Amino acid sequence: MGGAVRREKGFRYTNTERQALADAVPDPDWLDALDDWGRLVRFPHHDEFRADKAGFIARHLEGMARECLGEEEIAFRSSKEEADHIRETARVARKLKALLVKPTAYQRNVATALLGISVPPYRHAVFLSLLDDLIHNETWVAERFAAMRAEDVFAGKHHPAFARFVDAAIISWRQWTDKPAGGSKEGGPAARFLCAAVNPVLAFAERRALRLRRGGALTEGAAGELIEEIRRLDPPIE
């Protein structure tokens, strides 16, 4: 039961998830064919890895995941703050209009008092109509901003920090296993590892109202196709 506990303040894999990661990565028996210098060059922390494989893998990925989540939350917050700013502008416009049309003891309204009686009345009406435009356009502007963000080829794509996390996880797989990360619709060992690494991060992000992947949790087949796409864009150096 203890494996189900997660600290929400910062991402960490549960004990069960750590074990799933360890099970998805073969023991680095390939190191046995190397001398001490070769092991140091190819896998500097191999002793720590072998002593606590589950902990080593989890700690390595958790740091990258927390960085990813932090960057994505900042990007998400900027979008939310944009919408909040539009709402606040409309709220201030409503309040300002309500104040300007209030009558005073000496002038017809506060607008006349502030702008001066020498300003033609139609100028007062124009100013108030501009405030009306701000108020009435609140929903339209918010929807337009959201549409522009959705159409943005950069903002609309998944998500730069999350993509870097996935890529870094695959690079780690290559180092730990000394094997290329094979990708296909059928999945495979690297795809199973990627599912174990990524899905807890996706679930954690969802609980924070941050959706990192439109398709939700990775399936093994989807992970295999993702690996194949990574290989196509960034082939490993053999």
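To be clear, the structure that these remarks concern was listed above.
From a predicted model like this one, the values you see are computed outputs, not experimental measurements.

(A) Seen up close, the nonpolar core. In terms of nonpolar packing, the biggest core is built from 42 residues, with Tyr 13, Phe 193, Leu 194 and Leu 212 touching the most fellow members. Among the secondary structure elements, those contributing two or more residues to this core are helix H1 (15-24), helix H4 (53-100), helix H8 (160-177), helix H9 (189-207) and helix H10 (220-233). The leading source of residues in this core is H9, at 12 residues. With residues near it in sequence (within four places) discarded, Leu 194 still touches Val 166, Ala 169, Ile 170, Asn 199, Leu 218, Ala 223, Leu 226 and Ile 227.

(B) Main features of the packing of aromatic side chains. Tallying each qualifying case throughout the model produces 5 aromatic pairs. Aromatic side chains Phe 11 and Tyr 13 sit 4.8 Å apart centroid to centroid with 80° between the ring planes, which places their arrangement in the edge-to-face category. Here Phe 11 matches Tyr 13 in class, with each residue buried. Relative to Trp 176, the ring of Phe 56 lies with its centre 6.2 Å away and its plane at 75°, an arrangement referred to as edge-to-face. Of the two residues, Phe 56 sits in helix H4 while Trp 176 sits in helix H8, which places them 120 residues apart along the sequence. On the accessibility criterion, Trp 176 (1% relative accessible area) is buried. Counting every residue linked through ring pairs, the aromatic cluster contains Phe 56, Trp 173, Trp 176 and Phe 193.

(C) Structural context of unusual backbone geometry. If you check the backbone angles, Ala 209 has positive phi at about 60° while not being a glycine. When you line up the elements, Ala 209 lands in the loop between H9 and H10. What makes Ala 209 exposed here is its relative accessible area of 53%.

(D) The pattern of salt bridges, seen in detail. Under the definition given, this model contains 10 salt bridges. In this structure, the salt-bridge partner of Arg 59 is Asp 52, at a minimum N-O distance of 3.5 Å. Residue Arg 59 is classed as partly exposed on the basis of its relative accessible area, which comes to 39%. In this structure, Arg 164 engages Glu 71 in a salt bridge whose closest nitrogen and oxygen atoms are separated by 2.3 Å. Taken together, the residues Arg 164 in helix H8 and Glu 71 in helix H4 connect sequence positions 93 residues apart. With a relative accessible area of 47%, Arg 164 lands in the partly exposed category. For Glu 71, a relative accessible area of 32% puts it in the partly exposed group.

(E) How the structure looks around a nonpolar patch on the surface. Where nonpolar side chains cluster on the molecular surface, the patch consists of Leu 96, Leu 114, Leu 115, Tyr 122, Val 126, Phe 127 and Leu 130 and spans about 670 Å² of accessible area. Put simply, the parts of the chain that give the nonpolar patch at least two residues each are helix H5 (110-115) and helix H6 (121-136). The element best represented in the nonpolar patch is H6, accounting for 4 residues. Looking at where Leu 130 falls in the secondary structure, it is placed in helix H6. What makes Leu 130 partly exposed here is its relative accessible area of 49%.

Scoring rules and cut-offs
- Residues numbered from 1 in each chain as written.
- Predicted model: local features only at pLDDT ≥ 70, side-chain atom pairs only at ≥ 80, totals over all residues.
- Heavy atoms only, no water.
- Core = buried A, V, L, I, M, F, W, Y, C linked by side-chain atoms within 4.5 Å.
- Buried < 20%, exposed > 50% of the residue type's maximum accessible area, 1.4 Å probe, protein only.
- Helix = DSSP H or I, 4+ residues; strand = E, 2+ residues; numbered from the N terminus.
- Contact = heavy atoms within 4.5 Å.
- Phe/Tyr/Trp six-rings, centres within 6.5 Å; stacked < 30°, edge-to-face > 60°.
- Salt bridge = Lys/Arg side-chain N within 4 Å of Asp/Glu carboxyl O.
- Patch = residues over 30% accessible without salt bridge, like charges linked within 9 Å, V, L, I, M, F, W, Y side chains within 5 Å.
- Areas by Shrake-Rupley, 256 points an atom, 1.4 Å probe, with all protein chains shown as cover.

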